[in-house]
Amino acid sequence: MILKNWLNVSIKLSIRFIFMKYIFDFDDVLFNNTVQFKPHMYDILEKAGVPKDAAQAYYRQIRAVNEFWLKDLLRHFSLNEDLYEKIVDKDVIKNFINHELIAIVKKLGKENCFILTHGGEKFQLDKIEKSGIAPLFADVIAVFGKKNDSIEKICATHRDEEVFFIDDRIEHSKDLNTIKCPNLKTILYTGQDLRNIIS
Ligand SMILES: [Mg+2]
């Protein structure tokens, strides 16, 4: 009887462990965008003659209505396009990843993990590629609008599994259709230790 109960618990735990998917945001979740990448970017621009205030103003103005593309910013300020490669230099930006979370991703396994990022597609995908973590994920998706459709799609594809969505901002997935995603669990990431929650 005890053995039977133990087996039941064990099987349930195993099933729970196998059937889970994880959708991670990139900026300020897997990648330290605000505290590391942006200061690095503004520093290079400043050294090239564009004050941080001016670059930030341009960034905000574009970001409010359109997809941000760093090469457009360089052109706007008549800077050499070569600066682009210096800013997204893979040897530099690989150091900006969130090592704690990446360790969890490696444990969870590539087939269970997705990146869903918001922003200019070209720029986001290039940052992700150059950060070196793309091969750790089953899929990398960039959207300029809301993330809802992509989340709903992943939830539907894996409807028999629990799907975790980890993001530092709620506005990109506001008004998510929970009826379409009964298997979804959202985690607002503020830098907390996720080891006991999702791994
Ligand atoms: Mg984010």
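Note that the coordinates shown come from a computational prediction; the quantities given were computed from them, not determined experimentally.

Cut-offs and rules
- Residues numbered from 1 in each chain as written.
- Predicted model: local features only at pLDDT ≥ 70, side-chain atom pairs only at ≥ 80, totals over all residues.
- Helix = DSSP H or I, 4+ residues; strand = E, 2+ residues; numbered from the N terminus.
- Contact = placed C-beta atoms within 7 Å.
- Buried ≥ 20, exposed ≤ 12 C-beta atoms within 10 Å, placed from the backbone.
- Core = buried A, V, L, I, M, F, W, Y, C linked by C-beta atoms within 7 Å.
- Pairing = 2+ DSSP bridges.
- Axes fitted to C-alpha atoms, helices over the stretch in contact; angles between N-to-C directions.
- Domains from an automatic or database assignment.
- Right-handed = clockwise from strand over helix to strand, strands pointing away.
- Expected span 1.5 Å × (residues − 1).
- Arc of directions from axis to C-beta.

## Observations regarding the overall build of the protein chain
For the protein chain, the helix and strand inventory stands at 10 helices and five strands. Principal-axis analysis of the C-alpha atoms places the extent of the protein chain at approximately 75 × 35 × 25 Å. Sequence separation of 24 or more characterises 70% of the internal contacts of the protein chain that already satisfy a separation of 6 or more.

## Some details on the environment of K130
Topologically, K130 is positioned in helix 8 (residues 121-131). Overall, K130 belongs to the partly exposed group, with 18 C-beta atoms counted inside 10 Å. Sequence separation between K130 and K90 is 40 residues; the distance between their C-alpha atoms is 4.7 Å.

## Regarding the nonpolar core
One broad rule of soluble globular proteins: the nonpolar side chains tend to lie buried together. Ranked by size, the top nonpolar core spans 41 residues in total, and within it Y22, I23, F24, L30, F114, I115 and I151 carry the most contacts. Setting aside residues up to four positions removed in sequence, Y22 forms contacts with L108, N112, C113, F114, F164, I166 and I198.

## Remarks on the sheet that holds strand 5 (residues 184-188)
Working definition: the strands of a sheet are paired by backbone hydrogen bonds and lie parallel or antiparallel to each other. If you walk across this open sheet you meet the five strands as 3-2-1-4-5, and the pairing is parallel. Of all the strands in the sheet, the pair left with one neighbour each is strand 3 (139-143) and strand 5. Sheet twist, expressed as the mean angle between neighbouring strand axes with direction ignored, is 20°. Across three bridges, the pairing between strand 1 (residues 20-24) and strand 2 (residues 113-118) is parallel. If you follow F24 over to strand 2, its bridge partner there is I115. Contacts between helix 8 and the sheet are confined to strand 2 and strand 3, with strand 3 contributing the most and set at about 150° to the helix.

## Remarks on the pairing of strand 1
Among the five residues of strand 1, five are classified as buried, and the element is accordingly described as predominantly covered. Both faces of strand 1 are covered, namely the face carrying M20, Y22 and F24 and the face carrying K21 and I23. Sheet analysis places strand 1 next to strand 4 (residues 162-167), joined by five bridges and oriented parallel. Note on strand 4: the bridge partner recorded for M20 is E162.

## Observations regarding the domain arrangement of the protein chain
Parsing the protein chain into structural domains produces domain 1 (11-31 + 97-198) and domain 2 (34-90). Here the C-alpha centroids of domain 1 and domain 2 sit 27 Å apart. Each partner contributes residues to the interface: domain 1 has 12 residues there, and domain 2 has eight residues.

## Here we look at the environment of A55
Within the secondary structure layout, A55 lies in helix 3 (residues 52-65). Of the residues examined, A55 has 20 C-beta atoms within 10 Å and is grouped as buried. Excluding residues within four positions of it along the chain, A55 makes contact with Y42, L45, V50 and L73.

## A closer look at the pairing of strand 2
Of all six residues that make up strand 2, six are buried, and the element is covered over most of its length. Covered by surrounding structure in strand 2 are C113, I115 and T117 together with F114, L116 and H118, the residues of both alternating faces. Bridge analysis of strand 2 against strand 3 gives five bridges, and the strand direction is parallel. Across the sheet, residue I115 finds its bridge partner in strand 3, namely V140. In the classification by handedness, the crossover that spans strand 2, the intervening helix 8 and the parallel strand 3 is right-handed.

## Comments concerning helix 2 (residues 33-47)
Between the first and last C-alpha of helix 2 there are 20 Å, a value that for 15 residues agrees with the 21 Å anticipated at 1.5 Å per step. The set of residues buried in helix 2 consists of F37, M41 and L45. At its buried positions, helix 2 is contacted by helix 3, helix 5 (82-87) and helix 6 (90-93).

## So, helix 8
Those residues of helix 8 that sit buried are F123, Q124, K127, I128 and S131. An end-on view of helix 8 places all buried positions within 130° of arc, on one side of the element. Buried-residue contacts for helix 8 involve helix 4 (70-76), helix 6, strand 2 and strand 3.

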